[in-house]
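# Topology and contacts: notes
As a plain string of letters, each chain reads:
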Amino acid sequence: TNVRQNRLSFTTDLEPAVRGADAVFIAVGTPSRRGDGHADLSFVYAASEKIAGALDGFTVVVNKSTVPVGTGDEVERIIRELRPDADFAVVSNPEFLREGAAIEDFKRPDRVVIGTDDSRAREVMSEIYRPLSLNQPPLVFVGRRTSELTKYAANAFLATKITFINEVADLCEKVGADVQDVARGIGLDNRIGGKFLHAGPGYGGSCFPKDTLALMKTGQDSGASLRIVETVVAVNDARKRAMARKVISALGGSVRGKRIALLGLAFKPNTDDMRDAPSLAIVASLAGDGAKVYAYDPESMEQARPLMPEVTFCEDPYSTAEGADALVIVTEWDAFRALDLDRVRSLLKQPIIVDLRNVYRPGDVRKRGFNYVSVGRR
Ligand code: UDX
């Protein structure tokens, strides 16, 4: 981006893009490193080396990738070593976008976190975000390490909220309470807030699983273990398998030879992303116990196919339900919120619905003759 000329240009070559730019954004992946859960920084470092070669005039190197604390220092060191003459500042500027809502989140952010101590970099960053100022998002200027940690802390906190309400849901089932009412009752307290209190089959996706793991590792390596985050990771992992047990128990304790219809495979609606989706663990457990699994997802079946060879993929919710012993709602796509329940009942072999996202009201479904099991509700 060239801020002064308000110009955005596209090129397949890195060099002309970086030369003359006011700011260069690094926005590469930082997947979990195989084996230990640490973030793999090889893409960030490779990008830094390439950028170093092309720097020309004062340039702000902005790191958008989610990186462990101290990565900005390392990027600065790499560039400095390769180009002792270069005039640059490395800034941390984490992104908080959700998949499927990224443009909206970008245009209306709750806040923009910018980590730098360099006053020239501050100026460039303020100018870059000026077009968003109509909505007046707070620009939060902090130190670079603080900014890097803020991103992980935000994701770990949200993952903790979800995991907390998921455990409360389990308790609700035992004591005859309703988790959705509990969530509303606590969420209206401004100190708590109502978002990310929707009980379900556990969080998945490209961020929460990998970022909680990476933060946990940073804590352990730094001698300040984050025991709450460690527990969240373990509880969420176990929960995905527990959801399969919920289906098994709805079917009387065994799914061997039974046909199970799964609606939704993606880790959340409006994406085809299968990374760490709860459906993966659910399918593995059910198929492992001898069930025949049929599934439908509006977007993710192409991604899912190679990951779950034991599944038969169907064309729509109704063909999935046909002849099944139970229908399981795994992802809350809009299309599954308004199913023709009478038609579903006529297609199912047994009228059992396991709703892992609480999209239906128990009374409505039971009235239509279903045996209905959901999460954290009687
Ligand atoms: C998340 C963060 O929200 C975003 O700020 C960050 O930049 C990237 O990670 P994303 O992974 O796209 O975004 O999805 P999100 O909508 O946050 O959902 C994450 C997971 O939590 C999903 O599996 C979702 O089903 C689950 N979830 C979310 C719940 O189970 N209950 C909730 O109340 C909210």
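Predicted model only: the values in this text are computed from it and were never measured. (Residues numbered from 1 in each chain as written. Predicted model: local features only at pLDDT ≥ 70, side-chain atom pairs only at ≥ 80, totals over all residues. Heavy atoms only, no water.)

Our next topic: the domain arrangement of the protein. Domain assignment breaks the protein into domain 1 (14-142) and domain 2 (208-373). The C-alpha-based centres of domain 1 and domain 2 are spaced at 37 Å. When domain 1 packs against domain 2, the two sides together hide about 860 Å² of surface, and 49% of this comes from carbon and sulfur. Three residues, G37, H38 and E99, lead the burial of domain 1 against domain 2; their summed loss comes to 50% of the area buried on that side. Counting across the domain 1 and domain 2 interface gives five residue pairs in polar contact (both at pLDDT 80 or more). Broken down by class, the residue content of the side of domain 1 that touches domain 2 amounts to three nonpolar, six polar and three charged. (Domains from an automatic or database assignment. Buried area = accessible area lost by both parts, 1.4 Å probe. Polar contact = N/O pair within 3.5 Å; in protein donor to acceptor, adjacent residues only side chain to side chain. Nonpolar A, V, L, I, M, F, W, Y, C, P; charged D, E, K, R; others polar.)

Attention shifts here to the site of the ligand. As a structural note, the neighbourhood of the ligand is formed by 18 residues, with F96, L97, E99, H198 and G204 the closest of them. With respect to the ligand, the backbone of H198 contributes an N or O atom lying 2.9 Å from an oxygen atom. If the ligand stood free it would expose 670 Å²; the protein chains cover 91% of that surface. At three residues, the largest contribution of residues to the shell around the ligand is made by helix α6 (residues 144-175). Here the residues of the shell around the ligand are counted per class, giving nine nonpolar, three polar and six charged. Shared between two domains, the shell around the ligand takes at least three residues from each, and those domains are domain 1 (14-142) and domain 2 (208-373). (Near = heavy atom within 4 Å. Areas by Shrake-Rupley, 256 points an atom, 1.4 Å probe, with all protein chains shown as cover. Helix = DSSP H or I, 4+ residues; strand = E, 2+ residues; numbered from the N terminus.)

Pairing of strand β1 (residues 23-26) with strand β2 (residues 59-63) involves four bridges; the strand directions are parallel. Pairing of V24 across the sheet is with V61, part of β2. In this view, the connection linking β1 to its parallel neighbour β2 by way of helix α2 (residues 42-54) has right-handed handedness. (Pairing = 2+ DSSP bridges. Right-handed = clockwise from strand over helix to strand, strands pointing away.)

Okay, the environment of I282 next. Relative to the helices and strands, I282 resides in helix α10 (residues 278-288). Judged by its relative accessible area of 0%, I282 falls in the buried class. Considered as a pair, I282 and L188 are 94 residues apart in the sequence and their alpha carbons are 33 Å apart. (Buried < 20%, exposed > 50% of the residue type's maximum accessible area, 1.4 Å probe, protein only.)

If you trace the six strands from one edge of the open sheet to the other, you get β8-β7-β6-β9-β10-β11, paired in parallel fashion. Single-partner strands in this sheet number two, and they are β8 (312-313) and β11 (371-373). Where strand β6 (residues 259-263) meets strand β9 (residues 326-329), four bridges bridge the pair, whose relative direction is parallel. Looking across to β9, one finds that L263 is bridged to I329.

Moving on, we get to the pattern of salt bridges. Evaluated as defined, the whole model comprises 22 salt bridges. The salt bridge involving D105 is made with R98; its shortest N-O contact spans 2.7 Å. The closest approach of N and O atoms between R357 and E332, which form a salt bridge, is 3.2 Å. Of the two residues, R357 sits in the loop between β10 (352-355) and α14 (362-367) while E332 sits in the loop between β9 and α13 (341-347), which places them 25 residues apart along the sequence. For the pair shown, R357 and E332 are each scored as buried. Each of D73, E76, R144 and R145 takes part in a single network of salt bridges with overlapping partners. (Salt bridge = Lys/Arg side-chain N within 4 Å of Asp/Glu carboxyl O.)

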